[in-house]
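Single-letter residue listing:
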2 protein chains.
Amino acid sequence: MANAEIIAVGSELLTPQRIDTNSLTLTEALNNLGVEVVGKQVVGDDRIRLTEAIRESLKRAEIVILSGGLGPTEDDITRDAAAQALGRRLVFSPEQEAILAAYFQRLNRTMAENNRRQAHLIEGAEALANPNGTAPGQFFRTGAGALILLPGPPRELKPMMENEVVPRLRKMLPRQVIRVRTFRITGIGESDLDRMIAPIYTRYENPATTILFASGDLFVHLRARCDSEQEAEALLKEVGDPIAEKLGDLVYTQNPAESLEGVIGRLLQDQKATIATAESCTGGLIAARLTNLPGSSKRYIGGYITYSEKQKQEVLGVPAELLAQYSAVSRQVAVAMAEGARKQSGATYALSTTGYAGPEGGTEQDPVGTVYVGIVGPHGTTIERIKHGGDRERVRTYSTQSALNILRKTLINHR
Amino acid sequence: MANAEIIAVGSELLTPQRIDTNSLTLTEALNNLGVEVVGKQVVGDDRIRLTEAIRESLKRAEIVILSGGLGPTEDDITRDAAAQALGRRLVFSPEQEAILAAYFQRLNRTMAENNRRQAHLIEGAEALANPNGTAPGQFFRTGAGALILLPGPPRELKPMMENEVVPRLRKMLPRQVIRVRTFRITGIGESDLDRMIAPIYTRYENPATTILFASGDLFVHLRARCDSEQEAEALLKEVGDPIAEKLGDLVYTQNPAESLEGVIGRLLQDQKATIATAESCTGGLIAARLTNLPGSSKRYIGGYITYSEKQKQEVLGVPAELLAQYSAVSRQVAVAMAEGARKQSGATYALSTTGYAGPEGGTEQDPVGTVYVGIVGPHGTTIERIKHGGDRERVRTYSTQSALNILRKTLINHR
């Protein structure tokens, strides 16, 4: 298997505010070609350091990709440094100049003199077309592999990697098929998930398994790399099916592009059902998730954010006695809020939340982080108490995720 | 000025899913000491590569900080590689073993045999206390500077950098004072902002200026590095005051920790005023922002998410004729929604949005991305039409930011 190194160029990437994310795009594309990334680095706008870094990377890896530093100014040192590291000259390309001139003409702008720098190619390199910017990329074949220059802006680099670099590398590399199977999971922590499925996936090096975690949303990716599609699919079945069985309804979808709110939208659509929300502590976050998707207005009727007791009474008709007897954060009030929202809106289902997001509030029985989730629908009432730790933002985000997951399970049960 | 390089260790940081963010924490702390980061890299769990990388970094920079690879397993190679690069032995420290044993006892867990690895120090290195984990850090003084080993988990690395590393480095380095001035800005694009203020800040190397952009929210940081506090403050005034004047009310705060919703909360509190929201296309995002902050329940009364025309009529009392005559996405309906929300809730102010988030909908006059924002308060009505490009998510996020900014300006005008 071939190895690659990635070098991001730019002093701004060495500040506390900026991070190189292009390397993630490049790594994914390289992995899909069966190429492993064995190192990556950031070098500032320093010609000597960059030349040295390229030279060293070319010793360690067959493929070296640089991003950034291809602009028209003195600071843009990547062309020079790469040529020097390879011991080649930079050659002016009239063809590239014509492409640049045409680009500026399309934008009705005059080409500045210093843009001519961008028409210089490393002797022997192929130019890579950049439809979204001025800097062409460069692809220089070395004995063992290639040195590749790409511009820094992601909207230029991304399509160039896909359309220009990947096809060239694919021709150079031994043919391999990559197939991926994804599980999207919620309702469990990362370490508990790993404990459940590690006994299955650790027995295999291929497919490679990665677990990803973001605000209560988990991804498990299995990536099989084989000589044929059949082989790859069989491998994903062999490892993925036991994982699917072990995780059961913790998996909300195996479609990597389908979000939790997307699954809920699909379940509602299947039932020709609609939904309304009545939120207290989540303050609109659930509504925002449910209205995230195009076309959600067909299923989402409306929402009420009732922060005060007065609003809970006036807007949702929660009885004052209930609030007095059980307090606003209680099972009883959560149910009454959902009932009120359902009645008000005429939706098939209504979902409510009431709880303590913190940092103030909470009781001994229901400390900060406690949220009651109520769901009322044609088949009856679901009420759950959830409890998340952390600060206000974490409690709100995780409670939103939990509430949506309770809704998903309710919709599945009543399917 | 001293230079530093940062090496993050771990094969997981070479996958398409993970990125090294520790280097941002480390860079900020180093910059504040007057140390410039001249390169950073990621090396996988490969002892030979890592040893070589450390050796090379020590040639280029006085200070080299490694993060990760200090765990108890065979894969954790940082200790070994660092010792080898320095030509030193690893020495078992009974004192560190005792600290580890005590740590496990506090957690009521038994210490595994392989944790003893973590009690090995590079000969001549100081141990750095890690109250949040098992791996001690290490601080090795070289002739020119230091090689520093820190664990990978941010919640361990961060406090160790602050409490253990920074004080040691400060003693080694020439004394410098760093002062920062921050502007938080909204209502303008990054390149327009830069065009406005570049003539001011580019005349100075000190303070260093960085511009940061995230979803319509902009930060300008000026960082002055001087021998005395007075000198630094004077410099920030010299550069910052003309920037403040040039930007006017585009700057919503100069407090780096205060968000746009925080400013709004403060303005409402000053007026002893409350607010309610009536959202259509933003679907709860504005409510979620306004309820983000602790104590927001004192100012935020409640919200209505009225997606359908029926809801706009029933919940907010928008007249059917208005909807028929002007359509739901119109100035008239935005105002009626805000009026309805204000009346319903009894809040001092009410804010409404109605628009086309896309991808479907829109008209010739009001294409996808158009949103009407209405604000009704004791001093009258504000109505603005905004238009953002991009996909549904971008339109919703940017419209939310714009609407909050319109609210901020309204509150300032009526102060």
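Everything that follows concerns the structure shown earlier in this document.
The notes below deal with the structure included here. (Residues numbered from 1 in each chain as written. Chains lettered and ligands numbered in written order. Predicted model: local features only at pLDDT ≥ 70, side-chain atom pairs only at ≥ 80, totals over all residues.)

This part takes up the overall build of chain A. Across its full length, chain A holds 13 helices and 17 strands. Computed over its C-alpha atoms, the radius of gyration of chain A comes to 28 Å, more than 25% above the 22 Å expected for a compact globule of 415 residues. Viewed in the frame of its principal axes, chain A has a C-alpha envelope of about 85 × 50 × 40 Å. Looking at chain A residue by residue over its 415 residues, the buried ones come to 47%. The long-range fraction of contacts in chain A, counting pairs at least 24 apart against all pairs at least 6 apart in sequence, stands at 66%. (Helix = DSSP H or I, 4+ residues; strand = E, 2+ residues; numbered from the N terminus. Rg over C-alpha atoms; globule rule 2.2 N^0.38 Å. Buried ≥ 20, exposed ≤ 12 C-beta atoms within 10 Å, placed from the backbone. Contact = placed C-beta atoms within 7 Å.)

In this section: the interface of chain A and chain B. The interface of chain A with chain B comprises 44 residues on the first partner and 44 residues on the second. Within the residue set of the side of chain A that touches chain B, elements represented by two or more residues are α1 (22–32), β2 (36–43), β10 (208–214), α9 (285–290), β14 (300–306) and α10 (309–316) of chain A. When grouped by side-chain class, the residues that make up the side of chain A that touches chain B number 20 nonpolar, 19 polar and 5 charged. Of the strand pairs in this sheet, β14 of chain A and strand β14 (residues 300–306) of chain B are connected by 5 bridges, and their pairing is antiparallel. Considered in β14 of chain B, the bridge of Y304 of chain A is made with Y304 of chain B. (Nonpolar A, V, L, I, M, F, W, Y, C, P; charged D, E, K, R; others polar. Pairing = 2+ DSSP bridges.)

So, about unusual backbone geometry. Each neighbour pair has its own omega, and for N206 of chain B with P207 of chain B the value is 5°, a cis peptide bond. By the element assignment, P207 of chain B lies in the loop between α6 (190–201) and β10 (208–214). In this model, G358 of chain B is joined to P359 of chain B through a cis peptide bond whose omega is 0°. Mapping P359 of chain B onto the fold places it in the loop between β15 (349–355) and β16 (370–377). Phi is positive for K272 of chain A, which is not a glycine, with a value near 50°. By C-beta crowding, K272 of chain A is classed as exposed, having 9 other C-beta atoms within 10 Å. Here the phi dihedral of S327 of chain B falls at roughly 75°; this positive angle occurs in a residue that is not glycine. Here S327 of chain B is to be found in the loop between α11 (320–326) and α12 (331–345).

Residue and element names in this part refer to chain B. The end-to-end C-alpha separation of helix α5 (residues 154–172) is 25 Å, in line with the 27 Å expected for 19 residues at 1.5 Å each. A maximum bend of about 45° is found in α5 at M161. Three or more residues of α5 are buried, namely E156, L157, M160, M161, E164, V165 and L169. Structurally, α5 contributes buried residues whose contacts are with α1 (22–32), β3 (63–67), β6 (126–128), β7 (137–141) and β8 (146–150). (Expected span 1.5 Å × (residues − 1). Bend = angle between axes of the 7 residues up to and from the residue.)

Attention now goes to the packing of helix α8 (residues 260–270) of chain B against helix α13 (residues 392–413) of chain B. Residues and elements named next belong to chain B. Closest axis-to-axis distance for the α8/α13 pair is 10 Å, and the angle between their directions is 30°. The angle between the axes of α8 and α13 places the two elements in the roughly parallel class. Taken as a pair, α8 and α13 cross one another with a handedness that is left-handed. Note on element contacts: α13 touches α8 through L404, N405, L407, R408, L411 and I412, opposite L260, E261, V263, I264, L267 and L268. When its residues are assigned to classes, the contact of α8 with α13 shows 9 nonpolar, 1 polar and 2 charged. (Axes fitted to C-alpha atoms, helices over the stretch in contact; angles between N-to-C directions. Parallel < 35°, antiparallel > 145°, perpendicular 65-115°, else oblique. Left-handed = near helix turned anticlockwise from the far one by under 90°.)

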